Amino acid sequence: MTKRIIVGISGASGAILGIRTLEALRLAGVETHLVLSKSALLTIASETDYAPAQVRDLADVTYKAENVGAAIASGSFRTMGMIVIPCSIRSLSEIAYGNTTTLLTRAADVVLKERRKLVLMVRETPLHLGHLKTMTRAAEIGAVIAPFMPALYTRPQTIDDIINHTVGRVLDQFDIDTGAVKRWGEQVPAIGET
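These figures come from a predicted structure and were not determined experimentally.

1. Observations concerning helix α4 (residues 89–97)
In an α-helix there are 3.6 residues to a turn, and that puts residues three or four apart on one side.
Then comes step 1: Of the residues making up α4, those classed as buried are I89, S91, L92, E94, I95 and A96.
Then comes step 2: Here the buried face of α4 lies against β4 (81–87), α5 (103–113), β5 (117–122), α6 (129–140) and β6 (143–145).
Then comes step 3: Count one or two residues on from α4 and you reach G98, which has phi positive near 70°.

See below:
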C-alpha cells in the first residue's frame, strides 16, 4: 500500500501546525489527502502568511469540505489513518458522536470504523467538563487525543522549534520520523546529569 495519510485542518487556532504537518509529510515521501474546513480558511488567513491555495499545493490531493462523496469518505480507500491538526471542539464533537456534517468529520469517522489510527490535536483552553467528556468519548472509540502541549525539555529557542517538535511527535504516532524530535535521553541530558 502507498504510504498515504489524510490531513484535516479545522478552524481552531494553530493552522500552522497543520501546514507544517503537510510540509513534513511531503519531505517524508508520504502521500497526503487534505480537507480544510470552511473555518480553517479564515484561520489560515488570520494566523499565517499562507494563502489557501498555497496550503492546498502542499498536499497531493485536496477535497472540498462539502464533498462527502470523496474517496476519503469510503473505507475502501486505504490509508494509514488521519490527523486532524488543529482540531476544533466542534470537529471533535462530531467525530466523537458520529454526527458528521462535513468531509473532514466523515473521513475521521471512516478511519475509526476501519480501525485505522486517528490523531486529534485538540486546540482549546480552558476545557470545561463537556469538552473533557467528549475527548474521553473520542478516545473510547479509538482516537488518539494529542493536544498541543509544547515540550519544554527540548529548550526551544523559537516558535518554529516548538511547532516542529510537536508535529514530529504527532507523526511518531504513524512511525514517521521527521528528524525534528529531540528525544528524551538521547539528545537532552536527563534530570541530574550535566
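Next, the rest of the story.
2. Focus: the sheet that holds strand β2 (residues 31–36)
Then comes step 1: What the six strands build is an open sheet, ordered β3-β2-β1-β4-β5-β6; its pairing is parallel. The strands lining the two open edges of the sheet, one partner per strand, are β3 (61–63) and β6. Neighbouring strand axes in the sheet, compared pairwise and without regard to direction, differ in orientation by 20° on average.
Then comes step 2: Of the pairings in the sheet, the one linking strand β1 (residues 4–9) to β4 comprises four bridges and is parallel in character. Residue pairing across strands places I6 opposite M82, the latter belonging to β4.
Then comes step 3: In this fold helix α1 (residues 15–27) packs onto β1, β2, β4 and β5, with an angle of close to 165° to the strand it touches most, β1.

3. Looking at the pairing of β5
A regular strand places its side chains on the two faces of the sheet in alternate fashion.
Then comes step 1: Taking burial as the measure, the six residues of β5 include five buried ones, the bulk of the element.
Then comes step 2: Bridge count between β4 and β5: five bridges; the pairing is parallel. Bridged to I83 within β5 is V119.
Then comes step 3: Sheet topology places β5 next to β6; three bridges connect them, and they run parallel.

4. Focus: the pattern of salt bridges
Between side chains of opposite charge, pairing is possible as soon as their charged atoms come close.
Then comes step 1: In the structure shown here, the tally under the stated rule is seven salt bridges.
Then comes step 2: Between R20 and E23 there is a salt bridge, and its shortest N-O distance comes to 3.0 Å. One end of the pair, R20, and the other, E23, are both in helix α1, three residues apart, so they sit about a helical turn from each other.
Then comes step 3: By relative accessible area, which is 22% here, E23 ends up partly exposed.
Then comes step 4: Among the salt bridges present, the one from E94 reaches R90, with a minimum N-O distance of 3.2 Å. Of this pair, E94 and R90 both sit in helix α4, four residues apart, which is roughly one turn of the helix.
Then comes step 5: Residue class for E94 comes out buried when judged on its relative accessible area of 8%.

5. Points about the nonpolar core
General note: in soluble globular proteins, nonpolar side chains tend to be found buried as a group.
Then comes step 1: With 28 residues, the main nonpolar core has I5, V7, I9, L22, L34 and V55 as its most contacted residues.
Then comes step 2: Looking at this core, the elements that each hand over two or more residues are β1, α1, β2, α2 (38–47), β4, β5 and α7 (159–172).
Then comes step 3: Tallying contributions element by element places α1 first for this core, with six residues.
Then comes step 4: With residues near it in sequence (within four places) discarded, L22 still touches V7, I9, T32, L34, V55, L58 and A59.
Then comes step 5: Among the nonpolar cores identified, the runner-up in size contains 27 residues, and V35, Y63, L104 and L120 belong to it.

Cut-offs applied
- Residues numbered from 1 in each chain as written.
- Predicted model: local features only at pLDDT ≥ 70, side-chain atom pairs only at ≥ 80, totals over all residues.
- Heavy atoms only, no water.
- Buried < 20%, exposed > 50% of the residue type's maximum accessible area, 1.4 Å probe, protein only.
- Helix = DSSP H or I, 4+ residues; strand = E, 2+ residues; numbered from the N terminus.
- Contact = heavy atoms within 4.5 Å.
- Pairing = 2+ DSSP bridges.
- Axes fitted to C-alpha atoms, helices over the stretch in contact; angles between N-to-C directions.
- Salt bridge = Lys/Arg side-chain N within 4 Å of Asp/Glu carboxyl O.
- Core = buried A, V, L, I, M, F, W, Y, C linked by side-chain atoms within 4.5 Å.

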